[in-house]
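Take a look at the letters that make up each chain.
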Amino acid sequence: MRIDVVTIFPGYLAPLREALLGRAVGTGLLDIAVHDLRDWTHDVHQAVDDAPYGGGPGMVMRPHVWGEALDDVLAADPRPARLVVPTPAGRPFTQAAAHAYAAQERLVFACGRYEGIDQRVVDHYAASMPVDEISIGDYVLVGGEVAVLVVVEAVARLLPGVLGNPRSAAEDSFSDGLLEGPAYTRPEVWRGHAVPEVLRSGNHGAIARWRRDRALERTAERRPDLIAALPPDALDEADRAL
Ligand SMILES: N#Cc1c(-c2ccc3ccn(Cc4ccc(CN5CCCC5)cc4)c3c2)n[nH]c1N
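All of the points below concern the structure found in this document.

The rules we used
Residues numbered from 1 in each chain as written. Predicted model: local features only at pLDDT ≥ 70, side-chain atom pairs only at ≥ 80, totals over all residues. Heavy atoms only, no water. Helix = DSSP H or I, 4+ residues; strand = E, 2+ residues; numbered from the N terminus. Buried < 20%, exposed > 50% of the residue type's maximum accessible area, 1.4 Å probe, protein only. Contact = heavy atoms within 4.5 Å. Areas by Shrake-Rupley, 256 points an atom, 1.4 Å probe, with all protein chains shown as cover. Lys, Arg positive; Asp, Glu negative; His and termini not counted. Charge placed at Lys NZ, Arg CZ, Asp CG, Glu CD. Near = heavy atom within 4 Å. Polar contact = N/O pair within 3.5 Å; in protein donor to acceptor, adjacent residues only side chain to side chain. Nonpolar A, V, L, I, M, F, W, Y, C, P; charged D, E, K, R; others polar. Core = buried A, V, L, I, M, F, W, Y, C linked by side-chain atoms within 4.5 Å.

It is worth spelling out the overall build of the chain at this point. The helix and strand inventory of the chain stands at 9 helices and 9 strands. A principal-axis box enclosing the C-alpha atoms of the chain has dimensions of 70 × 40 × 40 Å. The 242 residues of the chain split such that 41% are buried. Here the contacts in the chain between residues at least 6 apart in sequence split such that 74% fall between residues at least 24 apart. A total of about 14000 Å² of accessible surface is found on the chain, and carbon and sulfur atoms cover 54% of it. If you average the places of the 24 positive and of the 35 negative side-chain charges in the chain, the two averages end up 7 Å apart.

Listed below in structure tokens is the structure:
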């Protein structure tokens, strides 16, 4: 998979070269290119923003710089691409979206700043390619770069060969519609807190049941919306007895 990121703060994307993602790039599983939007400006001030039509707070990113940048970035690789634009007004980015993105040959991320990017940029490219305006959560950030780090990590870990243990991704939170339950490791007792007995019993059936019960309890308490969204046949009799 090739990932391109266009931003006025390339340094913000440095974590993409670290650890798990860095290894994925190093082994050729992932090809990441970060581009400085200001490289496509032509004025001495390298201006990328201007006042919003109709008034309102802050500044809006100008369409012509984005158009020149995205035209060049898209033309640099023949693979079909999906343009992803983080925005507070975007559709929620979910694990299902991460799986969909992991199946893409190429993702191009447009990182806005200020009050966002002139809407005509999204509208222009949406006429010729898939474009997603996404949000990583119901809180307000200062720009799109942090969202890109979140999305790229969520997507990259699903690519075959990126995670050391492929079962991790398969048994993710949300993979069965539930939050995962508590996890424990040595020592057996830590500051007077003991590991639940069942986990040391070796009884795999009882362990699976216990883990399912803890996941259901945690999901019901913290994310009742996920319980409500489960398909009718998702809960078995033992689940309902909880
Ligand atoms: N993903 C994601 C995001 C973002 C995000 C993503 C991309 C950009 C580009 C610029 N900003 C800053 C910003 C902040 C507030 C507003 C709304 N305006 C404020 C006053 C009138 C409306 C518009 C932009 C961004 C924020 N925030 N939260 C998420 N989950």
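On we go from here.
Further remarks concern the site of the ligand. E115, S135, G137, Y139 and L141 are the nearest of the 19 residues found near the ligand. Residue S135 places a side-chain N or O atom 3.0 Å away from a nitrogen atom belonging to the ligand. At 2.9 Å from a nitrogen atom of the ligand is found a main-chain nitrogen or oxygen belonging to L141. For the ligand, whose accessible area on its own is 630 Å², the fraction buried by protein is 77%. Of the residues that constitute the shell around the ligand, the class distribution is 10 nonpolar, 7 polar and 2 charged.

With that out of the way, let us pick up the nonpolar core. Residues I3, L30, F93, F109 and V155 are the most contacted members of the largest nonpolar core, which totals 31 residues. Per-element tally for this core: the top contributor is helix α5 (residues 145-156), with 8 residues. When neighbours within four sequence positions are excluded, I3 is seen to be in contact with L30, D31, I32, A33, L107, F109 and V152. Membership of the second largest hydrophobic core comes to 23 residues, among which are V6, L70, L83 and V108.

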